[in-house]
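Structural characterization, general
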Amino acid sequence: MPAFTAPDGTRLAYHVVGEGEPLICLPGGPMRASAYLGDLGGLAKRRRLVLLDLRGTGDSDVPADPSTYRCDRQVDDVEALRVQLGLGSVDLLAHSAAGDLALLYAARYPERVRTLTMVTARARALGVEFTTEHRFEAAALRADEPWFAAARDAFGRVWDGTATDDDFDAAVPFFYGRWDAAAEAHAAGEVEQTNEEAADAYASAGAFDPDAARAALAGWDARVLVLAGERDGGPLPRVAAAVAELLPHAELVVQEGAGHFPWVDDPHRFTQTVASFLG
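Read on for a plain summary of the structure. Keep in mind that this is a model prediction, so the values were computed, not measured. Numbers given to residues run from 1 along each chain, matching the order in which its sequence is written. pLDDT decides what is reported in this predicted model: residues at 70 or higher carry local features, side-chain atom pairs at 80 or more are listed and counted, and totals for whole chains, interfaces and linings draw on all residues regardless. No hydrogens and no water enter the side-chain calculation; it runs on all heavy atoms of the structure.

1. Quick look at the packing of helix α3 (residues 132-139) against helix α4 (residues 148-160)
We count it as follows: Axis geometry follows a simple rule: fit a line to the C-alpha atoms, using only the stretch in contact for helices, then measure angles between N-to-C directions, giving values from 0 to 180 degrees. Per the convention used, a helix needs a DSSP run of H or I reaching at least four residues, while a strand needs a run of E reaching at least two, with both numbered from the N terminus. If an angle is under 35 degrees, it is roughly parallel; if it is over 145, roughly antiparallel; if it lies from 65 to 115, roughly perpendicular; otherwise it is oblique. It only takes one pair of heavy atoms within 4.5 Å for two residues to be counted as in contact. Each residue receives one of three labels: charged for Asp, Glu, Lys and Arg, nonpolar for Ala, Val, Leu, Ile, Met, Phe, Trp, Tyr, Cys and Pro, and polar for the others, Gly being one of them.
It is the contact of α3 with α4, at a shortest axis distance of 11 Å, that shows an interaxial angle of 170°. What the angle tells us is that α3 and α4 run roughly antiparallel. The segment α3 lies against α4, with Thr132, Arg135, Phe136 and Ala139 engaging Phe148, Phe155, Gly156 and Trp159. Residue composition of the contact of α3 with α4, grouped by class: 5 nonpolar, 2 polar and 1 charged.

Here's what the structure looks like:
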């Protein structure tokens, strides 16, 4: 697989899927290998997906200094990938926790980002938090699901910090718009694909300076798509709307029936939305 060297000497890998104009894709988790993005529900038929394995995940090397797992310290990894690809500016897609990385990249290199697609993405970089109350609000939408009663208590323990491995397994359906065979298969790889040490460091103290990021992006002229899932608690649609309001040229789309992985829940609708935005 292709690879390049980050500024600190860490070898980073990326995977290319599809044909057409490149779309750099940053995985969430945080710090989950890019394999879970797959072909983004068929988006690879419209664009050439460049899937970055963040340092210490997937086929990328573990860095010598684990403090470089912190989100802001990975910004120049994204810039090094742009240089590797020989692109003057990029279309960037970020899922979940990678929303923070994409926003920090845009704040540091605004002229390098042509479009940004934020898929059920975090925005702590801008000072927007997702609360436990938000998670429970979204979970309550699933009360009619056959698995709800068994999963509800486990979901609570996930967010109060007392969950066992079995609780995490039981709570997984809340993250999908529908819990079917496709969702089960997608969820099965999460533990193996995630670097837990890196995940713990990703949003550690000092990673974010929201005032600075907002100031840097106040006059930003790139187009932004903020795509939320109707059934997702991170972010709730109204929280995603608040994120969109902080970016000058952002539009919000709420995918009906979707959870945190909208390309799994409804691949056709997801790809139509993103491809239409990208033009």
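From this point, the discussion proceeds with the structure in view.
2. Quick word on the packing of aromatic side chains
What counts, and what does not: Any two of the Phe, Tyr and Trp rings considered here, Trp counted by its six-membered ring, make a pair once their centres fall within 6.5 Å; the pair's planes then place it as stacked at under 30 degrees, edge-to-face at over 60, or tilted in between. A 1.4 Å probe rolled over the protein chains alone gives each residue an accessible area, and that area as a share of the maximum for its type sets the label: buried under 20%, exposed over 50%, partly exposed in between.
Summed over all chains, the structure comprises 14 aromatic pairs. Ring geometry for Tyr36 versus Phe261: centroids 6.3 Å apart, planes at 90°, classification edge-to-face. Of this pair, Tyr36 sits in the loop between β3 (22-26) and β4 (48-52) while Phe261 sits in the loop between β8 (250-255) and α11 (262-265), and the two are 225 residues apart along the sequence. The same class applies to Tyr36 and to Phe261, which are both buried. Phe261 sits in the buried class, given a relative accessible area of 8%.

3. Concerning the environment of Asp266
Here Asp266 lies in the loop between α11 and α12 (267-278). Measuring from C-alpha to C-alpha, the distance between Asp266 and Ala64 comes to 40 Å, with 202 residues separating the pair along the chain. Not counting chain neighbours up to four residues away, the residues in contact with Asp266 comprise Arg178 and Gln255.

4. Describing the nonpolar core
Short version of the rule: Residue types Ala, Val, Leu, Ile, Met, Phe, Trp, Tyr and Cys, when buried and joined through side-chain atoms within 4.5 Å, form a set referred to as a nonpolar core.
Core analysis: the largest hydrophobic core is formed by 55 residues, its most contacted members being Leu26, Leu92, Leu101, Leu103, Leu116, Trp220 and Leu247. With 7 residues, helix α2 (residues 98-108) is the largest single contributor of residues to this core. Among residues more than four places away in sequence, those in contact with Leu103 are Leu116, Met118, Arg122, Ala123, Ala125, Leu126, Leu217 and Leu247. By size, the runner-up hydrophobic cluster in this structure holds 25 residues, among which are Leu23, Leu37, Val274 and Leu278.

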